[in-house]
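The chain contents come next:
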Amino acid sequence: MPVVIMRIAIVNDMAMAVEALKRVLLTVPGYEVAWIARDGADAVAHCAKDTPDLILMDLFMPIMDGVEATSQIMKQSPCVILIVTASVGKNAGKVFEAMGHGARDAVNTPVLGIPGSPESAQPLLTKIATLSKLIGKSSQSSTPKSQTSKFTSFSTPSSLLPPLVAIGSSTGGPKALATILSRLPANFGAAIAIIQHVDQQFSAGLVDWLNQQTPLTVKVAKIGDRLEKGIVLVAGTNDHLSLRSDFTLHYTKEPIDYPYRPSVNVFFKSLAQYWNHKATAVLLTGMGQDGAEGMSILRSRGWHTIAQDEKSCVVYGMPKAAVQLNAAVEVLPPEAIGDRLVQRVLFK
């Protein structure tokens, strides 16, 4: 099988970090360094002339930091951006700000000794391998097997189930989620479940950050949790969140080769199978098509479905796929989505 070339740019003002990243990339056949920028402004200029497949973007640099550089690149010459910084955990706020502008994920900068530390480099290589599948630069197929089996309907009185809002999001999702949740009042009488494509090491930080944006209580979804009024549950592992027949939540590894983790489609399809109370599904900004098929099934079962509009999306991939499938009843920007949810739940 021929090697697929993936052109990767490095944006970092530290010579040692640049050297470490170059050494890691050159260990993988097919990875090549497209260009190197020492600050965010330089990266914006480089990207406008030569847009790579992937940018490894530091957060803290002179002239222009990684957050602003990410924002400008995604507006002018969009491509996949992976935040690579010294300490992701200590800079969670900045990481989620960058993700809100379109960064896809984040990882700690590898620290290489002599002759090197493979353990330090592996998280970065794993992230790049996953992203390569998302942009079609992997030599291996990453398309999951279609899950078209018939759904079993479980008869449970609707009165026992709370109103539900299920939201799927990816690239640019944190900012859109914050906008929506900030418009929901403390007495919002629905359960909310969020599937955001984010590595499990950031899920707790994302929950903490979202808690600052809304009067509602935001928590990481745990095995055995139930969807409750006024509680926002966020998928919190690299496995897929799913609903069981007894209306408790659990995580599943299947489909194991699906690059979108946690998967919006897996969760939406589990809702179509077990949640017989009509509710609302929302699909926000993101790369690829995850969630579109599941939303289409939910609409066919009477759910009210909303896709984010193209103008407000950082990446108009997932909502576009839903619109093309005729899966969305409405197409709205995040502010209007929040207001629409209030109308449907509080004034229905």
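Our subject is the structure listed above.
Read on for a plain summary of the structure. (Residues numbered from 1 in each chain as written. Predicted model: local features only at pLDDT ≥ 70, side-chain atom pairs only at ≥ 80, totals over all residues. Heavy atoms only, no water.)

## So, the packing of helix H2 (residues 40-49) against helix H3 (residues 66-76)
Between H2 and H3, the least distance of the axes is 9 Å, while the angle of their chain directions is 15°. In terms of their interaxial angle, H2 and H3 are classed as roughly parallel. Crossing angle aside, the handedness with which H2 passes H3 is right-handed. Of the residues in H3, those in contact with Gly40, Ala43, Val44 and Cys47 of H2 are Ala69, Gln72, Ile73 and Gln76. Classifying every residue of the contact of H2 with H3 gives 5 nonpolar, 3 polar and no charged. (Axes fitted to C-alpha atoms, helices over the stretch in contact; angles between N-to-C directions. Helix = DSSP H or I, 4+ residues; strand = E, 2+ residues; numbered from the N terminus. Parallel < 35°, antiparallel > 145°, perpendicular 65-115°, else oblique. Left-handed = near helix turned anticlockwise from the far one by under 90°. Contact = heavy atoms within 4.5 Å. Nonpolar A, V, L, I, M, F, W, Y, C, P; charged D, E, K, R; others polar.)

## A look at the pattern of salt bridges
This model, assessed by the stated rule, comprises 10 salt bridges. Across the pair Arg7 and Glu32 runs a salt bridge, and its minimum N-O distance is 3.6 Å. Of this pair, Arg7 sits in strand S1 (residues 6-11) while Glu32 sits in strand S2 (residues 31-37); the two residues are 25 residues apart in sequence, bridging distant segments of the chain. When its relative accessible area of 23% is taken as the criterion, Arg7 is described as partly exposed. You can call Glu32 partly exposed: its relative accessible area is 33%. For Asp239, the salt bridge is made with Arg261, and the minimal N-O distance between the two is 3.6 Å. Residue Asp239 is located in the loop between strand S9 (231-234) and strand S10 (240-243), and its partner Arg261 is located in the loop between strand S11 (249-252) and helix H8 (264-274); the two are separated by 22 residues in the primary sequence. Residue classification places Arg261 among the buried positions, given a relative accessible area of 19%. (Salt bridge = Lys/Arg side-chain N within 4 Å of Asp/Glu carboxyl O. Buried < 20%, exposed > 50% of the residue type's maximum accessible area, 1.4 Å probe, protein only.)

## Thoughts on the state of the cysteines
Under the criterion given, the structure shown has 0 disulfides. Here Cys79 stays unpaired: no disulfide links it, and the sulfur of Cys47, its closest cysteine neighbor, is 4.0 Å away. Cys79 gets classed as buried once you look at its relative accessible area, which sits at 11%. (Disulfide = S-S within 2.5 Å.)

## A closer look at the nonpolar core
Judged by nonpolar contacts, the single largest core of 79 residues is most densely connected at Ile55, Leu56, Ile128 and Ile192. In contact with Leu56, other than residues within four places in its own chain, are Ile8, Ala9, Ile10, Val11, Leu21, Leu25, Leu82, Val84, Leu124 and Ile128. Residues Ala221, Phe267, Tyr274 and Ala292 belong to the second largest nonpolar core, which totals 35 residues. (Core = buried A, V, L, I, M, F, W, Y, C linked by side-chain atoms within 4.5 Å.)

## Notes on unusual backbone geometry
Backbone torsion omega between Glu254 and Pro255 reads 0°, so that peptide bond is classified as cis. Here Pro255 is to be found in the loop between S11 and H8. Each neighbour pair has its own omega, and for Arg261 with Pro262 the value is -10°, a cis peptide bond. Tracing the chain through its elements places Pro262 in the loop between S11 and H8. Positive phi values are uncommon outside glycine, yet Ile63 reaches one of about 70°. Take Ile63: it is sitting in the loop between strand S3 (54-57) and H3.

## Some words on the sheet that holds S9
Strands sit in the order S8-S9-S7-S6-S12-S13-S14 across an open sheet of 7 strands; the sheet is parallel. Of all strands in the sheet, those bounded by a partner on one side alone are strand S8 (217-220) and strand S14 (330-332). With strand direction ignored, the average angle separating the axes of adjacent strands in the sheet is 20°. Together, strand S7 (191-196), S8 and S9 form the strand contacts of helix H7 (residues 200-211), whose direction differs from that of S8 by roughly 180°. (Pairing = 2+ DSSP bridges.)

## Description of the pairing of S1
When you tally the buried positions in S1, you get 5 out of 6 residues, the bulk of the element. Sheet topology places S1 next to S2; 5 bridges connect them, and they run parallel. When the bridges of S2 are listed, Ile10 appears paired with Ile36. Crossover S1 to S2 through helix H1 (residues 15-25) is right-handed. (Right-handed = clockwise from strand over helix to strand, strands pointing away.)

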